[in-house]
Amino acid sequence: MAPFSVPEATQLAFTITKAAFTATALLWAVHFARRQSKTRPPGPVGLPLVGNVFDLPGSREAENIAALGDKYGDIVFLEVFGQPIVMLNSQAALDLLDKRGSLYSDRPHMAMAADFSGMADLTPIMHYGEKFQFGRRLMNQALSARAVSKWEGGIEQESHGMLRDIFRAPKDFVAHLNRMAGSIVMMSMYGHRVVEEDDPYVELAIEFMEASTTAITGRWVVDFFPFIKYIPGLAFKKQAEAWKARVPEWVDRAFDGFKANMATSNDAKNSLCGSLLIREDGSSVDPETENRVKWIATSGFGAGLDTMVACLSQFIMAMALHPEIQVNVQKELDSVIGRGRLPTFADRESLPYMECVFKECMRWGTPAPLSVPHRLIKTDVYGDYVLTEGTICIGNIWGILHDERLYKDAHLFLPSRFENLSKEDAKRLDPTNYVYGFGRRRCPGNHFAHFAVWFSMVGLLSAFNIAHEVDENGKKIEIKAEFEPGAIRHTKPFQCKFIPRHDRVPDLLGLN
Ligand code: HEM
C-alpha cells in the first residue's frame, strides 16, 4: 500500500515547494537588506551564502579590481562565504592601512600554511602582535637605509656578474636575473656567496619559496571552512604533512651554514644574521631571538627574489619597447660618467633622468600589484562606513599607480612625468610611496630593493642597447606588454637583444 494518497502527496509536494520558495526569498531578502545597508561600502550584490565568489577578479586581478573601483568608488565591498573584504583603490588605502596602522596590520589567518604546514613563523603571514613587532624591530634594524649600504660591494659584484652572463648568453636573461637576485639575497641574509650553478642553499630556498607560495595563495578549502580539518583523510592534509616534514631543512640548512662561518667569515659577520646575532662581547643571544632571525632570513629570500626579478624583467621589456628613452638615459650616463667605467652607487644623485626611469618602471610595472592582504583587528568607522572586525583589506597598489587622477595617461611608460615637479608633487607622486605596500606591514626590504634594483638597471643601460629581436627574415619580433597572473607581476616570456653599447664593454665587464 502507498504511504500517501494522491491528494496527500500533492499537498506535501506543494508544502515543500512553498517552504523552499519562502526560504530562498528570505535568504535573498536578508542578503539584499545587508548589501543595501548604508554603513557598508558599495559593491556588487553577489548571491546569498556564497556572496561575491563569482565577482572575484580572474587573471588580471588588479586591473579588474580597479575597474570595480570605477563602477563603485574608491572602496569596494565584497563578501565571500561570509568573509567581508574591502578593496582600497585610492587614498583610502593610505588613510586606513598607513594612518591607522595599529588597527589594520594583522594578516588573514592562513590555516593551510600556518596550522598544517609548519610555516606560521613566516613573516608575511604572521599575525600582528608582540612576536611580530619584535621581529619587525629586528628587520628595521638590519635592513635600514644605512645598514644596507654595507652590501654595496656584494651587490656590485653580483650585478656585474649578471651583465657578464647576459653578454655571453643574452637569450637566457631571465635565468641570469634569477641567479643574481638569489645570490644577492643569500649574501645579504647569510653572508653566503653563490659560486656554483646548482648551489644547494639556493635550491632549497627556491623549493621553500614555491611550496610556501602554494600553501599561502593556493585557495585551500580549509582556509575558508576551518571545520573541514576534522574530516579524516583529506588530500590537503597529506600535502601539508609533506611540506611540514621539509620545513626544518628548508629553514635550517642555510642558517646552519651561517653559524658554521660566523666566527671567521667577514661576509657572515656583515650579513643580516650576523648583524642581529653576533655580539661584540662574544655572548650569545637567547634562543627565541635566534629562531626569529632564522625565520626572518628565510622570509627575506622568498619575499625578495621574485619581486626583484619581476622589476628587472619589466624594466628590460620597457626599454626594448622604448629605444628613445634608453637614448636619453645613455646620453645622461655618457655626460656624467663617460664610457671609461661602469656606474657606481655614488653616481645616483647625478643621474636625475635615470631616477625618473626607475620610478616610472616601478609605477608602470607594479611588481606586487595587490600587495599582501591586511586584516582589520577591531571594528572601525571610515566616513559613513562601518568596517567590521576581521574584514580583509586589500590595498590595490596597481589601481593607485594607474589612477588617471594622479598619473595622466597612466597606461603609458613616460618617465618625463616625474621631471620638473614641485617638491610637494614629487613627494606625493613618488611611486615608492605605494609600491612597497602599507603601514606597519610595509616591505622591510624596501631600501635594499631600491638599492639593488636601481644598480642593476643602470648597469644594464651602461653596457647594452636593449632592442627587439628579429626573426630569420630580419623582421622585428613584436613584444607584447603582457604579464603573468598572480601575486607578483612577472612579464610573460618575450625575446629581446642585448647589443654591447661600445667596444670597451668587454673590458669594463672584465671579460678580456
Ligand atoms: C622591488 C622589490 C620589492 C617589492 C616591490 C616588494 C613589495 C612588497 C610588498 C608590496 C609587501 C607587502 C606589504 C604590505 O603588506 O602592505 C612586501 C612585504 C615584505 N617584503 Fe618586500 N618587496 C620587494 C623586495 C623585498 C626584499 C629585497 C626583501 C628582503 C630583503 C623583502 C622582504 C619583505 C618581507 C619580509 C615582507 C613581509 C612584511 C610583513 O608581512 O610584515 N622585500 N614587500
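Right above here is the structure, for reference.
Residues numbered from 1 in each chain as written. Predicted model: local features only at pLDDT ≥ 70, side-chain atom pairs only at ≥ 80, totals over all residues. Heavy atoms only, no water.

Colleague: What is the right way to read the overall build of the protein chain from this model?
Modeller: Looking only at helices and strands, one finds 20 helices and eight strands in the protein chain. Against the globule reference of 24 Å for 512 residues, the protein chain gives a C-alpha radius of gyration of 26 Å, in line with a compact fold. Along the first, second and third principal axes, the C-alpha atoms of the protein chain reach 100 × 55 × 50 Å. Counting over 512 residues, the protein chain shows a buried share of 50%. Restricting the contact set of the protein chain to residue pairs at least 6 apart, pairs at least 24 apart contribute 71%. For the protein chain, the accessible area works out to roughly 24700 Å², and carbon and sulfur atoms hold 56% of it. Charged side chains in the protein chain number 57 positive and 62 negative. The centres of these two groups are separated by 4 Å. (Helix = DSSP H or I, 4+ residues; strand = E, 2+ residues; numbered from the N terminus. Rg over C-alpha atoms; globule rule 2.2 N^0.38 Å. Buried < 20%, exposed > 50% of the residue type's maximum accessible area, 1.4 Å probe, protein only. Contact = heavy atoms within 4.5 Å. Areas by Shrake-Rupley, 256 points an atom, 1.4 Å probe, with all protein chains shown as cover. Lys, Arg positive; Asp, Glu negative; His and termini not counted. Charge placed at Lys NZ, Arg CZ, Asp CG, Glu CD.)

Colleague: When you look at unusual backbone geometry in this model, what are you seeing that I'm missing?
Modeller: Peptide bonds are mostly trans, and most non-glycine residues show a negative phi. Positive phi values are uncommon outside glycine, yet phenylalanine 81 reaches one of about 45°. Relative to the elements of secondary structure, phenylalanine 81 occurs in the loop between β1 (75-80) and β2 (83-88). When its relative accessible area of 35% is taken as the criterion, phenylalanine 81 is described as partly exposed. A positive phi angle is found at threonine 366, which is not glycine, with a value near 45°. One can find threonine 366 in the loop between α16 (352-365) and β3 (374-375).

Colleague: Quick question: what am I supposed to make of the side chain of aspartate 165 here?
Modeller: As for its placement among the helices and strands, aspartate 165 is situated in helix α7 (residues 152-168). Taking the relative accessible area as the measure of exposure, aspartate 165 reaches 16% and is therefore buried. Among the polar contacts listed, one links the side chain of aspartate 165 to the side chain of arginine 179, at a separation of 3.1 Å. Beyond its immediate sequence surroundings of up to four residues, aspartate 165 is in contact with Pro170, His176 and Arg179. (Polar contact = N/O pair within 3.5 Å; in protein donor to acceptor, adjacent residues only side chain to side chain.)

Colleague: Even after reading the chapter, I still don't get the packing of aromatic side chains, so can you show me in this structure?
Modeller: One pass over the full model with this rule turns up 20 aromatic pairs. Centre to centre, the rings of tyrosine 128 and phenylalanine 132 are 5.6 Å apart; their planes meet at 45°, and the pair counts as tilted. Side by side, tyrosine 128 and phenylalanine 132 carry an identical accessibility label, which is buried. Linked through ring pairs, Phe81, Phe224, Phe225 and Phe227 together constitute an aromatic cluster. The ring of tryptophan 151 carries the charged tip of lysine 150 above its face, separated from the ring centre by 4.8 Å. Stacked on the ring of tyrosine 407, the Lys or Arg arginine 363 has its end atom at 5.4 Å from the ring centre. (Phe/Tyr/Trp six-rings, centres within 6.5 Å; stacked < 30°, edge-to-face > 60°. Lys NZ or Arg CZ within 6 Å of the ring centre and 35° of its normal.)

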